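# A structural walkthrough
Here are the chains, one letter per residue:
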Amino acid sequence: MSNQKKRTFQIEAFKHRVVVDPKYAEKTWKILEHAIHEIYNHNASGLSFEELYRNAYNMVLHKFGDKLYYGLVATMTAHLKEISKSIEAAQGGSFLEELNRKWTDHNKALQMIRDILMYMDRTFVPTTHKTTVHDLGLNLWKEHVVHSVNIQTRLLNTLLDLILRERTGEVINRGLMRNIINMLMDLGSSVYQEDFEKPFLDVSSDFYRVESQQFIECCDCGDYLKKAERRLNEEIERVSHYLDAKSESKITEVVEKEMIANHMQRLVHMENSGLVKMLLDDKYEDLGRMYNLFRRVDNGLSTLKEVMTSHLRDTGKQLVTDPERLKDPVEFVQRLLDEKDKYDKIIHLAFNNDKSFQNALNSSFEYFMNLNARSPEFISLFVDDKLRKGLKGVSEEDVEIVLDKVMMLFRYLQEKDVFEKYYKQHLAKRLLSGKTVSDDAERSLVVKLKTECGYQFTSKLEGMFSDMKTSVDTMQGFYASQGADLGDGPTLTVQVLTTGHWPTQPCPPCNLPSELLPICEKFRSYYLGTHTGRRLTWQTNMGTADIKATFGKGQKHELNVSTYQMCVIMLFNNTDQLTYKEIEQATEIPALDLKRCLQSLACVKGKNILRKEPMSKDIGENDVILFNEKFSSKFYKVKIGTVVAQKESEPEKQETRQRVEEDRKPQIEAAIVRIMKSRKVLDHNNIITEVTKQLQSRFLPNPVEIKKRIESLIERDFLERDNVDRKLYRYLA
């Protein structure tokens, strides 16, 4: 095998030359041309598409592709010119119908021609970089029909006229419109845009400019917005029915600009129907419509927000500075809560819970609530009112809702420490008088305050609850230890308060009635015997007493009074009348408290167990106080409150403010030391900024006070000034 010679094979071209009939191309083209005519004349049923395909195939194979291609162009052009004349001749409403019919026929013809010339499309067209049969048919239709002199303008005007008629309420043939628009889109996006979309947008802009002007002159804001919304929805619907989907954003932008953006300021400020009127009247539907329309345009929502904020701040400022409203703190806070509820509901129902509107609402409340320095006191008084009586019989869930609302207002306060001061005073009175509606509600609020401000804020409040519980155990121990030694004397209940926890002020003890002194002394001995290293000071300004009294005709009552009132009443066991001076000397009650005490005993109708001469509302230093033998009441138990202003008097207010300022000093100093300890060196302005940032959750420190605290720390060698730059401070370890 290996010795055999290798044979090589060579394939040569066929020597015999095939001669093509010189008239072959012409004859074949005539067959194909005839077929194209027949297709356009709707006589395609008699044609053999297989034979026609083979003829076209052979022409391309024998290098007659050019003749075939250009013959097709010429034949189609001729037919389209005839079609164009037929369309031009159509009158009135039949113009679009004729155009649509001829377009449908042309597409069918084009499909058949493309099937016949498929081989040319696949081979000749790509190699010679010509246009495919389908695209060629579209281009020729565009050139000889759509862009013909007598059709182009007429077509545009007809389409725009139909849209105008539809806008004015007429019913048009949307299916026909859709077919014509689809034709323009099939011819290329540039044809749709240049021949229809741009003029359509321009005409729409003019239409809505005129219409919006007419509407705004004759409609109120609510009606105008309804019309604008309807027009916007109509345009969106129009796009979905017969325009290109990409036109939606463009036409809605036109409507938004002409109907909303150009009239925005006039709409929101429209007298008796603009945004402020809608807010006042809780027009949720109109407000929601305004929000949804304005959000579509630049600066729309910011315009709404600015007007709402301005209105809120103005009404809030009137609310917190109106002297009439300040007379009733509970009503004052309730109005704030009602206002907050109102705008919360508007933002929820109309403004889609928009965070930016919620922030604007919060900043407005923070602004105007802090215009009134008494807001912390009033909120505490509101809580006091609710926890004393306002929440009786209310479910736990509703109690939580009220407390959450209070906490919401509390967050707006810049001077949270002032609220703490008042809250502590009011809580102390509630606990000591046993007048709280629910211990659970009290503790719940303390927990909320703790969550909001931290342990330091509420540690003393929790200590107050702890003292109350311990006092119960102490009294049980006292009575158990005394046994029968107490006899039939007065019963004593003592609350032992830890000095640091309670908002007690140094108060000179008054002279207690001699009947009470033995049991008071026994309790002191018991308590100091069981607790070493402690001191007891009686707070006679805070207690209460139950006294059995007998009046004329043997009428008996049980009187519930304060400790001061008890001291005064017990004096009348030995006499029927005393002068103001004698009472003051015998009891040693501070003058202001004594006058209030006597007012409540002698000047309140139905509670006047004493009477005074001369009769007047105020207590004078020369007045004579007498026991009222004729006192009567339909109740056996009579509670006699102390005449006391619900709000603080001006001197008390000054005193509270002074105490708050004193309490702030160590907090500011502690913040300065913390900052300097970590930073070592810092300039004056940065210390002010850092201290403010650290303390703003409790109060806004005054820069002047911060400077004073820095000076104090320098004097005590915590800090020193830099030798070169006097505004620079260094921390001294």
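Residues numbered from 1 in each chain as written. Predicted model: local features only at pLDDT ≥ 70, side-chain atom pairs only at ≥ 80, totals over all residues. Heavy atoms only, no water.

A separate point is the sheet that holds strand β6 (residues 637-639). With respect to topology, 3 strands assemble into an open sheet ordered β1-β2-β6, the strand pairing being mixed. Each of the sheet's edge strands pairs with one partner strand only, and the pair in question is β1 (544-550) and β6. Neighbouring strand axes in the sheet, compared pairwise and without regard to direction, differ in orientation by 25° on average. In this sheet, β6 lies alongside strand β2 (residues 556-562) in parallel orientation, the contact comprising 3 bridges. The partner of E558 across the bridge, within β6, is K637. (Pairing = 2+ DSSP bridges. Helix = DSSP H or I, 4+ residues; strand = E, 2+ residues; numbered from the N terminus. Axes fitted to C-alpha atoms, helices over the stretch in contact; angles between N-to-C directions.)

What follows deals with the environment of V496. Structurally, the position occupied by V496 is in the loop between α22 (455-482) and α23 (517-530). Between the C-alpha atom of V496 and that of T474, which follows or precedes it by 22 residues, the distance is 8.4 Å.

A cluster of basic side chains, namely K392, K435, K607 and K639, defines a positive patch on the protein surface. Position of K392 among the secondary structure elements: in the loop between α18 (375-390) and α19 (396-412). On the accessibility criterion, K392 (60% relative accessible area) is exposed. (Patch = residues over 30% accessible without salt bridge, like charges linked within 9 Å, V, L, I, M, F, W, Y side chains within 5 Å. Areas by Shrake-Rupley, 256 points an atom, 1.4 Å probe, with all protein chains shown as cover. Salt bridge = Lys/Arg side-chain N within 4 Å of Asp/Glu carboxyl O. Lys, Arg positive; Asp, Glu negative; His and termini not counted. Charge placed at Lys NZ, Arg CZ, Asp CG, Glu CD. Buried < 20%, exposed > 50% of the residue type's maximum accessible area, 1.4 Å probe, protein only.)

Between helix α14 (residues 284-294) and helix α15 (residues 300-321), the shortest axis-to-axis distance is 8 Å and the interhelical angle comes to 140°. Relative to α15, the element α14 is oriented oblique. Contacts between α14 and α15 pair M290, Y291 and F294 from the former with G300, L301 and L304 from the latter. Its residues assigned to classes, the contact of α14 with α15 comprises 5 nonpolar, 1 polar and no charged. (Parallel < 35°, antiparallel > 145°, perpendicular 65-115°, else oblique. Contact = heavy atoms within 4.5 Å. Nonpolar A, V, L, I, M, F, W, Y, C, P; charged D, E, K, R; others polar.)

Moving on, we come to unusual backbone geometry. Negative phi characterises most residues that are not glycine, and trans characterises most peptide bonds. Backbone geometry at N272 places phi at a positive 65°, although glycine is not the residue there. Classification of N272 as exposed rests on a relative accessible area of 62%. With phi around 65°, N299 is a residue other than glycine that occupies positive phi space. On the secondary structure map, N299 appears in the loop between α14 and α15. You can call N299 exposed: its relative accessible area is 57%.

Summed over all chains, the structure comprises 24 aromatic pairs. On the basis of an interplanar angle of 50° and a centroid distance of 4.8 Å, the ring pair of F365 and F368 is categorised as tilted. Taken together, the residues span about one helical turn, with F365 and F368 both in helix α17 (residues 355-369) at a distance of 3 residues. You can call F368 buried: its relative accessible area is 0%. (Phe/Tyr/Trp six-rings, centres within 6.5 Å; stacked < 30°, edge-to-face > 60°.)

Inspection of the entire model under this criterion finds 49 salt bridges. Close ionic contact of E258 with K257 constitutes a salt bridge, the shortest N to O distance being 3.6 Å. Where salt bridges share partners, they join E166, R167, R174, E235, E237 and R238 into one cluster.

Our next topic: the state of the cysteines. Enumeration over the complete set of coordinates arrives at 0 disulfides. Lacking any disulfide linkage, C510 is separated from the closest cysteine sulfur, that of C567, by 3.7 Å. (Disulfide = S-S within 2.5 Å.)

What follows is about the pairing of strand β9 (residues 728-731). On a regular strand, one side chain projects to one face of the sheet and the next to the other, so that they alternate. A one-sided burial pattern is seen for β9, the buried positions being Y729 and Y731 and the unburied ones L728 and R730. Alignment of strand β7 (residues 681-683) against β9, held across 3 bridges, turns out to be antiparallel. Bridged to D683 within β9 is L728. Pairing geometry for strand β8 (residues 719-721) and β9, over 3 bridges, is antiparallel. Opposite E720, over in β9, you have R730 as the bridge partner. Counting the residues between successive antiparallel strands, the hairpin from β8 to β9 contains 6 residues.

Following the sequence through the fold, R374 ends up in the loop between α17 and α18. At 3.0 Å, the side chain of R374 forms a polar contact with the side chain of E377. (Polar contact = N/O pair within 3.5 Å; in protein donor to acceptor, adjacent residues only side chain to side chain.)

Now for a negative patch on the surface. Together, E396, E397, D398, D439 and D440 make up a region of like negative charge exposed at the surface. At the level of elements, α19 and α21 (439-453) are the ones that each hand at least two residues to the negative patch. Broken down by element, the residue count for the negative patch peaks at 3 residues, all from α19. Tracing the sequence through the fold places D439 in helix α21. Judged by its relative accessible area of 45%, D439 is partly exposed.

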